[in-house]
Structure formats: structure tokens, C-alpha cells
There are 2 protein chains.
Amino acid sequence: MNSSITQLWQNIAENAANSSQIMRTLSTKQKNQTLVALAKEIDKKRDFILQENQVDLNNGKAKQLSAALLDRLSLDNAKIDQMIAGIHQVIELPDPVGEISKMSYRPSGIQVGKMRSPLGVIAIIYESRPNVTIDATILCFKSGNTCILRGGSEAIHSNIAIYQCIKNTLNDTNVPIHAVQLLEQTDRSLIHMMGQSPEYVDVIIPRGGEGLIRAVCENSKVPVMKHLHGVCHTYIEKTADSTMAENIAFNAKTRRYGVCNAMETLLIDKEIAPNLLPSLSKRYHDKNVELRGCEQTCKIIDIIPATEEDWQTEYLDAILSIKIMDNSDQAIAHINHYGSAHSDAIITNDFQQAQKFMKEVDSSSVMVNTSTAFADGFEYGLGAEIGISTDKLHARGPIGLEGLTNEKYIVIGQGETRP
Amino acid sequence: MNSSITQLWQNIAENAANSSQIMRTLSTKQKNQTLVALAKEIDKKRDFILQENQVDLNNGKAKQLSAALLDRLSLDNAKIDQMIAGIHQVIELPDPVGEISKMSYRPSGIQVGKMRSPLGVIAIIYESRPNVTIDATILCFKSGNTCILRGGSEAIHSNIAIYQCIKNTLNDTNVPIHAVQLLEQTDRSLIHMMGQSPEYVDVIIPRGGEGLIRAVCENSKVPVMKHLHGVCHTYIEKTADSTMAENIAFNAKTRRYGVCNAMETLLIDKEIAPNLLPSLSKRYHDKNVELRGCEQTCKIIDIIPATEEDWQTEYLDAILSIKIMDNSDQAIAHINHYGSAHSDAIITNDFQQAQKFMKEVDSSSVMVNTSTAFADGFEYGLGAEIGISTDKLHARGPIGLEGLTNEKYIVIGQGETRP
């Protein structure tokens, strides 16, 4: 390991740990004032940010990045307006830090409850999308956390320009200058060092491709909050309203193809499949969605046979696999086995089936009579999200301000001692 | 790796994963009926359990285990009565599974909230205390989880006897027979395999010595819920009532020495140290507690000088380190730096100091005007605990039924699709 890189990381880690002690003491007012100043600073420096972004775009074109990557990388005045609007949205959100709940007296006389606190130091690793630099900063900052940001190398000039605005703001508003640190070197060994530093970093949030996320998890001694896949299902139960079922199934697949909350597999009860599938498949066909079906499905509509691999694939594309189910037990078992604990929906008009599905499906979002496309921090009222967790521990689903905090016990006595 | 051990683990892991799908569907009534039957079975088989425990005790004596270890290992009728009482306590506790909270309508028309669910498969690794076999079983079972238990090798005969009662009960009450599995081989390689099986095991809870816990964490790809240390502090702020401060400081240190919630370091404000320390040190002296002080402390009372190492040591013994503080900022910084995020208390009569301490100390239990000895699942009203977590993610502090569950989002619509 390069020793100057090791020293660089050590400095960053120590600065973060020291900042985090001060971050947890800031008042909501102080945090909001800094965010207001940040919005102004970004507005003031928009020409500089756009100019640096142009350097990244030119480099990206020279490297022949795909059109999709260049699109994510590129900024313009409208996107900067969105960043500023995002900052104002986070200012408006309630501060989760210090929230007290469930205080009650115990027979011993002590009063026991919980108080929400910042997690501490959060490391975020993300792809080449400069807007994430602002999103991650403002969510971590408002929730009283210190963050270490590592963006994709293709966006480095844009990120450094945005980071310059962040540093100016932190400095001018008298909050810890190291509350936000961007890794200006995109050396991969820094990611490895993060994962080896549980004494400094409290959680790592990787956002990006599966390869990156697996690499981060593989060696990490620091807990990781992540989602690997979005293999989302819609199960049309036999009592479903046909029109509702069709509309939801169509929306969940076709609203956007490349997003993690898009449906990848449609499960449909054998009793209503013959009635529903022909018209539904026509709608998909008109939208150029490729359908792949189980054996029974292929007897009803003329589509490509699905293979075992289809049931576990996140297409992120205009492809849908369809499987016919004998009953809800089979559907729930299929989802818990092949799904990725992201978002899964049932369409039903049977009360007990709805209750059963909500209890038994082990996904971070379980839905009844609506589209998996709603699985999103804004739609859930979190205001913003830093990602969606499909883990079992800590916060599940879209992670907003609350997901970046924990709850400690607080105990208030009047001099009690324990016998 | 021995291939028969690998196959053994594969079977156990698959059985656990399959059971966990059924466990999450059980009603509270079913779970309680099984627990009632388990209490009866333990009662019926007490002679058998005691006889097997005698085998462990004889082996332990032959191996010249310490008196403390033999004491933890030994069972008698009174301890079996306690196990049975423990089962009835857990029956009485509310079932956390299915609890719905924070449901509200969003502007889109969907209703969003959270529902509590079992974590899934929990592996628990513990020392040679046969009563933990029952405690872990009943807490995991009531919270809808499947568990894999790995007790200390010295207790293996006792554990297998208790496990026999558990298996009989699971079988007789028609719940998944693999809801609880005890590793009857105490081969350490099985612990390694657990940590390499994130597709089967959702969380590992190690209980025991620091060496074991570090070994489990070091290589684990499965999240670990743990507490490594209990370096607990009491800070006597300058406005503290002297009598209250003395009583609490005395209780926190001397109630029991070998427990994780015992105070290890006393921090005391410089303004009241000269007044308080002489009488307090006399009480400790009468109880044969060895005192080690910072330079300023040693000017007030004649005790051994403390070294840097003392501030980070969990004595688990009749030893206390004492340090004089300039103010509460210094005390909070000391606790956040040297503490282990377990339980830390302030004694004060200043409202703002109490508020500040609760907000800024980053421990799993933060206490005001009471003894750290209260940091305990029973005292907090959890009914029972499986351990105390000093981690930052998921549940912190004493882990009871709720800490063995997570919250998923539930979303209820009336046919909404997302534009």
C-alpha cells in the first residue's frame, strides 16, 4: 500500500471522527443556516461548476463514455436549479436528531425511553453523478452526520467544484470544516481503507453497480447499507379487479425500465390468467416489452419460454417474465425465494389475502393494490433519499434522514440505585 | 475444510432458511402455545437435564475449570425453576411481529407506514451457560425468528439435554422442527462457516469473551450484533446533590464487579471534587475497592496514580479510575473518546447540563441521576434480553424481542399508478 495514500486516509478519517463529535451538538437552526448558505453559494458559483463539468464531459467524450453515462454526468442550469431546490426541501424537513419517544416510568422509579442520534461518520461511494455530491452532503449534514464522499472518477472536476462550494460554506458558517470531505483522489485503495477503519467510519453506503457493491462488502469490517438488486414482483391474486390489475402491472413495468423499483416478474393466479393475460400482453406488446413466460403462461399467450435464470434476473430493460401461480402461498414463496427484498406488490380484493401478503412477504416494501414504482423516498414522504436498503438490519427501504440516525436509550432518575 | 462438516453446516443452514419462512407466518397464539408446552417439557425432564449437567460438571472439574466457570455451568432445581419462569415471562410479553406504525396518506393517494417483522435466521454463539440455550430459544421463537445455537463446549451435555426438550416440544406442537437448531458439534470451523453464509444467516450474535467476538467479526460476511466492552462512566457535575452523587457512584461501582454495566471510571467536576472525594473514597476503601486517580485527584486523596491505559480498561473488578474534569464538555469528550458506547451517566441538578449530556454522549444508554447498574433489559421493561449492543446500526443497548425484529414499509393503495 502506498504510504502517502495511507497517510492521506488517516488524516481524512481522523478529521471525520473529530468533526462528528461537533456535528452531533449542532442545533437545527445552525444546520439550516448552513444549508441556506450552501444554496446561495451553489447559485453564485454556477458558472464555475458548469465550466468544470464541461471538462469532465470533454474527457468523457474523449474516453467514449456511453450516451447514458454522459447524460448522468452532465449538468446544466436546470439541474443546478434542482440541486438548489433539493437543498431547500431538506431545510424544510424536520430534524430527526434529539427526537424522544416511548418515555415511561419503570417500577424502580427510573424513566426509560429513546432518543434519536446521528450515526456518526458515513462514507458514501457513488457513480459519476455530480448531483449526488449535493444530495449526500445535505442529507448527512441535516441528520448531524459527518460524511466522506467518494464519487466516480469521470465526475471528479464537477465534484471538486461542488466540494469547493461546500467547503466555502462550512467555513463561512462556522461549522466543522471537515463535516463533509470529498476524496479528491479516486484511487480505489482508499475504498479498501474505508472498509478497514471501523474505529473511524460507522457505516459505508455504496451506490452503483453490483461489482462495486460486492467489492466493498467483501472486505469491509465496517457495516454496509446497500441494495444489490431490485427484482420486484407484482402478484395478481384471483380476486383482483381486472382493470386495476392491468393498469398497475403495466405501470410497474413500463413507467421506467432502468430503475430498481420496476417490476421484473409478474405472478398471476391460474384462475384469472386466461382472462387477463391476452389483453395485458397486447398492451406490453404495443409498448415493445418482451415477454417470457412459464410453461402454463405460454399455453395462454404465444411468448418466449422463461428459463430458471429469468426468475432471478433484474432486467432493467423492456423485458418481463410471467409465471402462473396456484395460490398465494406459492406466490409468497416465489417472492421470498427469488426476490431481492426490494419492493413487491399484491393486487387483490380479498382482505385476508392482503393481510397475509403484507405479513409474510419479507421485502423492504410490501405493497397492496398499487405499483412498485411508488417505492421511493419522495413518494413515501421522506423528502429525499440516499438510497434504498434491502438489508435486514437497521433501516429498510428508502433511506432518508431518519435512516441516517439511530436510537439510544435515555434513562432519567431521581437518585435511584439498583438493589 | 472437512467435507462432512461442510455438509453438516449446509443442511443446518438450509433447514434454518426453510423454517424461517414458516416462522414468520405463525400467530402469537401458536407461538405462546409452544412456549407453554416447552415450560412443561423442561419441568418433566428436569432429572434428565440435571443428570446430563452432572456429566458436564464432572468433565469440567477433571479439566480443572475455575470455580466461576463451574458456577455458570452448574444447574440445580432452582435454576431450572428460573428457566421455566423465564419462559412464562416471555409468553406474557407482547408479540412485536406485525406491529403497524406511522400509517399515513400521501398526496398520491397511497397509504405508507411500517410493519414489524422477524429478522429471519439468527445465529447465537455463547459461553458455557446452559440457561442461555433456553433464553436464546424463547426470545428468538417469540419474535418469529429461527435460531442456530452454538454454546460453549463445556456445557455440551446440558445443552443437548435441553435441546432434546426443545425438539420434542417443536415436534408435538406442529411448528417447524428446525425453528431451533443446536450445533451438537462444537467444532470452531462451524463458526467460520456461519460468518461465510449471508445467504442463510441474517445476523450473528456472539456473547462471550473479546477474543471470540473479534474472531467472529474479523471474517464475517454476516452482520454481527455485539458488545465488545463495557467501559462505563459516571460524571458528577458541579451542581450534583452530594448525597445522591455518592450513593450512585458507590452503587454503580460496587453492586457487582464482573458485569458490563458496572462503572469503571468516575469523572468529577473540579469544583466539587475536594468536597466529595474524601468521603466517597472512604466508602470505596471500606469495600476494598482499589482507586487509581489522575494527577489532580491524587492531590486530594492519597491513591495510586492512573495511567493512560486505565482510562480505556474494563476492569470487571474492584478497581475504579477517577479523573477530575474542568467542565462538562471535557467529560463528554472523555466519554466519547475512551468509553465503549455502553452506559454512561451524569449526576447533576442543572437542567441544561442534563439536556446537553443526553444529546451529546454517543452511548447506547445515556443516564441522568441514576446508576449505570440499571442498564439491563429487565430494568428497561423489555422483559428479557439476549445481550447489549454497543453498535451504531440497528437496535442499541439491551436487545429484547423488538431488537430481534426489523421494520418494513407497507404501502396500501386503491389502484394508484405513478405518473
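Up top is the structure these notes are about.
Attention here is on the structure that accompanies the text. Being a predicted model, the structure only gives us computed values, none of them experimental.

**Some thoughts on the pairing of strand E13 (residues 365–370) of chain A**
Residue and element names in this part refer to chain A.
- When you tally the buried positions in E13, you get six out of six residues, the bulk of the element.
- In this structure, strand E12 (residues 343–347) lies alongside E13, joined through four bridges in parallel fashion. Along E13, the bridge assignment pairs Asp 344 with Val 366.
- The parallel pair E12 and E13, bridged by helix H14 (residues 351–360), forms a crossover whose chirality is right-handed.

**Observations concerning the sheet that holds strand E5 (residues 180–182) of chain B**
Residue and element names in this part refer to chain B.
- An order of E5-E4-E3-E6 is seen for the four strands of this open sheet, with the pairing classed as parallel. Strand pairing shows two members of the sheet lacking a second neighbour, E5 and strand E6 (203–206), which therefore form its edges. Neighbour-to-neighbour, the strand axes of this sheet turn through a mean angle of 15°, independent of strand direction.
- Where strand E3 (residues 121–125) lies against E6, four bridges are found, and the strand directions are parallel. Residue pairing for E6: Ile 124 is matched across the bridge by Ile 205.
- Along the sheet, helix H9 (residues 210–219) contacts E3 and E6; its crossing angle with E6, the most-contacted strand, is approximately 165°.

**Some words on the environment of Leu 316 of chain B**
Residues and elements named next belong to chain B.
- Within the element layout of this structure, Leu 316 appears in the loop between strand E10 (304–305) and strand E11 (319–325).
- A residue is classified by how many C-beta atoms lie within 10 Å of it, and Leu 316, with 15 of them, is partly exposed.
- Each C-alpha atom, one on Leu 316 and one on Lys 253, is 9.6 Å from the other, the two residues being 63 residues apart in sequence.
- Non-local contacts of Leu 316, meaning those with residues more than four positions away in its chain, are made with Tyr 257 and Gly 258.

**Describing the interface of chain B and chain A**
- At the interface, 58 residues of chain B touch 58 residues of chain A.
- When residues of the side of chain B that touches chain A are traced back to their parent elements, those giving at least two are strand E2 (111–118), helix H10 (242–254), helix H13 (328–338), helix H14 (351–360), strand E13 (365–370) and strand E16 (405–416) of chain B.
- Among the elements that take part in the side of chain B that touches chain A, E16 of chain B stands out by supplying 11 residues, more than any other.
- Partitioned by chemical class, the residues of the side of chain B that touches chain A number 21 nonpolar, 23 polar and 14 charged.
- Pairing analysis gives five bridges linking E13 of chain A to E16 of chain B, with the strands arranged parallel. In the strand pairing of E16 of chain B, Met 367 of chain A is matched with Val 411 of chain B.

**Regarding the packing of helix H3 (residues 46–62) of chain B against helix H7 (residues 156–172) of chain B**
All names here are of chain B.
- The interhelical angle for the contact between H3 and H7, taken along N-to-C directions, is 160°, at an axis separation of 7 Å. When the axes of H3 and H7 are compared, the pair comes out roughly antiparallel. Judged by the twist between their axes, the crossing of H3 over H7 is right-handed. Counted together, Phe 48, Ile 49, Glu 52, Asn 53, Val 55 and Asp 56 of H3 and Ile 156, His 157, Ser 158, Ile 160, Ala 161 and Ile 162 of H7 form the full contact between these two elements.

**Comments concerning the pairing of strand E9 (residues 290–293) of chain A**
Residues and elements named next belong to chain A.
- Pairing between E9 and strand E11 (residues 319–325): four bridges, direction parallel. Bridge pairing links Glu 290 to Ile 319 in E11.
- One ladder, built from two bridges, connects E9 with strand E10 (residues 304–305); its direction is parallel. Paired with Gly 293 across the bridge in E10 is Pro 305.

**Description of the sheet that holds strand E16 (residues 405–416) of chain A**
- The strand order across the open sheet built from 10 strands is E1(A)-E2(A)-E16(A)-E13(B)-E12(B)-E7(B)-E8(B)-E11(B)-E9(B)-E10(B), with neighbouring strands paired in mixed fashion. Whereas interior strands pair on both sides, the edge strands pair on one side only; in this sheet they are strand E1 (100–105) of chain A together with E10 of chain B.
- Pairing between strand E7 (residues 232–236) of chain B and strand E12 (residues 343–347) of chain B: four bridges, direction parallel. Opposite Thr 234 of chain B, over in E12 of chain B, you have Ala 345 of chain B as the bridge partner.
- Each of strand E2 (111–118) and E16 of chain A together with E12 and E13 of chain B touches H14 of chain B; the most contacted strand, E13 of chain B, lies at about 160° to it.

Reading the values: the criteria
Residues numbered from 1 in each chain as written. Chains lettered and ligands numbered in written order. Predicted model: local features only at pLDDT ≥ 70, side-chain atom pairs only at ≥ 80, totals over all residues. Buried ≥ 20, exposed ≤ 12 C-beta atoms within 10 Å, placed from the backbone. Helix = DSSP H or I, 4+ residues; strand = E, 2+ residues; numbered from the N terminus. Pairing = 2+ DSSP bridges. Right-handed = clockwise from strand over helix to strand, strands pointing away. Axes fitted to C-alpha atoms, helices over the stretch in contact; angles between N-to-C directions. Contact = placed C-beta atoms within 7 Å. Nonpolar A, V, L, I, M, F, W, Y, C, P; charged D, E, K, R; others polar. Parallel < 35°, antiparallel > 145°, perpendicular 65-115°, else oblique. Left-handed = near helix turned anticlockwise from the far one by under 90°.

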